[in-house]
Amino acid sequence: MKINTVVKLGSLAFGVARDEKVQELFKMAHKGAKRRGLLQPPPYGGWGNQGKK
């Protein structure tokens, strides 16, 4: 992939992310996920203890 393509895609992504309606949509989705408990840490003590007993 050419560097100018990456730069164009990045600027497009930032432009979309700065759109007010897109920000409002993500805020609503984030609040809904928090309300349903989807954004809570795992109950076994953290992210770094998967293989330890």
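Relevant structure appears above.
All of these numbers come straight from a predicted model, not from anything done at the bench.

S.K.: Sorry, what's going on with the overall build of the chain here?
M.R.: In terms of helices and strands, the chain carries two helices and zero strands. Per-residue burial over the chain gives 8% buried out of 53 residues.

S.K.: I keep staring at helix α2 (residues 20-35) and nothing clicks. Help me out?
M.R.: Think of an α-helix as 3.6 residues a turn; residues three or four steps apart then line up on the same face. In this model α2 runs 23 Å from its N-terminal to its C-terminal C-alpha over 16 residues, within 8% of the 22 Å that 1.5 Å per residue would give. Immediately beyond the C-terminal end of α2, within one or two residues, lies G37, with a positive phi of roughly 80 degrees.

S.K.: Sorry if this is basic, but what is going on with the environment of Q23 here?
M.R.: Within the secondary structure, Q23 is located in helix α2. Apart from residues no more than four positions distant in its own chain, Q23 is found in contact with A17 and R18.

S.K.: Even after reading the chapter, I still don't get a nonpolar patch on the surface, so can you show me in this structure?
M.R.: On the surface, I3, V6 and V7 cluster together to form a nonpolar patch covering roughly 290 Å² of accessible area. Positionally, V6 belongs in helix α1 (residues 3-17). Using a relative accessible area of 39% as the deciding quantity, one classes V6 as partly exposed.

Calculation criteria
Residues numbered from 1 in each chain as written. Predicted model: local features only at pLDDT ≥ 70, side-chain atom pairs only at ≥ 80, totals over all residues. Heavy atoms only, no water. Helix = DSSP H or I, 4+ residues; strand = E, 2+ residues; numbered from the N terminus. Buried < 20%, exposed > 50% of the residue type's maximum accessible area, 1.4 Å probe, protein only. Expected span 1.5 Å × (residues − 1). Contact = heavy atoms within 4.5 Å. Patch = residues over 30% accessible without salt bridge, like charges linked within 9 Å, V, L, I, M, F, W, Y side chains within 5 Å. Areas by Shrake-Rupley, 256 points an atom, 1.4 Å probe, with all protein chains shown as cover. Salt bridge = Lys/Arg side-chain N within 4 Å of Asp/Glu carboxyl O.

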